Amino acid sequence: MDQTRRAVIWENLGTPDSPAVGDVRRYLREFLSDRRIVAMPRVLWTPILELGILRGYAPRSAKRYASVWTEQGSPLMTQTLAQADGLAQRLGDEAVVEVAMRYGRPKLADVLDRLRDDGVTQVLLVPAYPQDSTTSVASVADDLEICRATGHTQGLTIKTVNGWHDDPGYIAACVDRIQAHWREHGRPDFAAGDKLLLSFHGIPVSLVAKGDGYPQECVRTTALIRAGLGLDEITCPQTYQSRFGMGEWLKPATIDTVRALGASGTKRLDVFCPGFAVDCLETLEEIGQLNRAAFMGAGGRQFERIDCLNDDAVWLDALAGLVRGWLAEFEDGR
């Protein structure tokens, strides 16, 4: 088979086109209109979204985006493109690599159309989420189903994968990323009470009650990273961040834990976010600014935000290995 007729689409969450209020408002409208994100009946949710959130929350969110925006643009977009480029270099002529975003641009439909026009016939769709959840991986599957219903998958054989939370290469890359930070900034003094906090994106408890296995995968990832670093539940706690809305979300909450640690005498706190493929608003602003201020304000002395995997070479080698395995399943008919 002609290998150049295969493609990999690396699909991430998405980002506004700019930190301008109008662009942020358009992005939030699409994101918060997804029933996987907000399950409330549309007749109730739409007025809340349009008259409340998009008017009041969008300007505040725009300021948050502006605080992390770079000369190259959105950190999420820049790093996702860098990952795709690194993956493409490793795959060579085994497959072409493209980026799509679940919300915002580039749209999956447009990427599929372009690949088909270029002669691609087999597509591996890889959601950029290590842990599987109905709010993330399932939403990418919804995106693909919309593309099927509107004719954008015609002539294409498409396979979707569902996370890699316990893949040895991914775990090794996380461990290496943390240790690389420690080589540069010094290792925490765990015997003196310093901590490494692993923070994952939260989801509503109601989804877990309906069978979402996401928290179990987060716990498994945490256990493997702890083992790789020789840490335990005391030296390396796990939390959930980014709560939205009034319902109950997974606990313990990162912001509450950070404050409590600072108040209880923890002098240094390092935070790593294994569930985020790249640095983004939730890691750069929420962790790097909001949680840093909470920890220092509660009495902490040193706060270290550890970069996500981004385009780290160890991680991209592991990702290339995962992708080669998934591509091989095309040949096996799986």
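Look a little higher up for the structure.
Residues numbered from 1 in each chain as written. Predicted model: local features only at pLDDT ≥ 70, side-chain atom pairs only at ≥ 80, totals over all residues. Heavy atoms only, no water.

## Points about the environment of Ala-109
Mapped onto the fold, Ala-109 is located in helix 4 (residues 108-117). A sequence separation of 40 residues divides Ala-109 from Ala-149, and the C-alpha atoms of the two residues are 11 Å apart. In this view, Ala-109 contacts Cys-147 and His-152; residues no more than four positions away in its chain are not counted. (Helix = DSSP H or I, 4+ residues; strand = E, 2+ residues; numbered from the N terminus. Contact = heavy atoms within 4.5 Å.)

## Overview of the side chain of Asp-34
Inspection of the secondary structure assignment puts Asp-34 in the loop between helix 1 (21-32) and helix 2 (42-68). At 2.6 Å, the side chain of Asp-34 and the side chain of Ser-139 are in polar contact. Residues contacting Asp-34, with those up to four places away along its chain left out, are Arg-102, Tyr-103 and Ser-139. (Polar contact = N/O pair within 3.5 Å; in protein donor to acceptor, adjacent residues only side chain to side chain.)

## Considering the packing of helix 6 (residues 168-185) against helix 8 (residues 214-229)
Where helix 6 meets helix 8, the closest approach of the two axes is 9 Å, and the angle between their N-to-C directions is 50°. Relative to helix 8, helix 6 is oriented oblique. Seen along the crossing, helix 6 lies across helix 8 with a hand that is right-handed. Facing Tyr-170, Ile-171, Cys-174, Val-175, Ile-178, Gln-179 and Trp-182 of helix 6, the residues of helix 8 in contact are Thr-221, Leu-224, Ile-225, Gly-228 and Leu-229. (Axes fitted to C-alpha atoms, helices over the stretch in contact; angles between N-to-C directions. Parallel < 35°, antiparallel > 145°, perpendicular 65-115°, else oblique. Left-handed = near helix turned anticlockwise from the far one by under 90°.)

## Focus: the sheet that holds strand 7 (residues 268-272)
Reading across the sheet, the 4 strands line up as 6-5-7-8 and stay open at both edges, with parallel pairing between neighbours. Each of the sheet's edge strands pairs with one partner strand only, and the pair in question is strand 6 (238-241) and strand 8 (302-305). Pairwise comparison of adjacent strand axes, ignoring direction, gives a mean angle of 30° for this sheet. Pairing geometry for strand 7 and strand 8, over 4 bridges, is parallel. Bridged to Arg-268 within strand 8 is Gln-302. Helix 10 (residues 281-297) contacts strand 5 (195-201), strand 6, strand 7 and strand 8 of the sheet and is inclined by roughly 170° relative to strand 8. (Pairing = 2+ DSSP bridges.)

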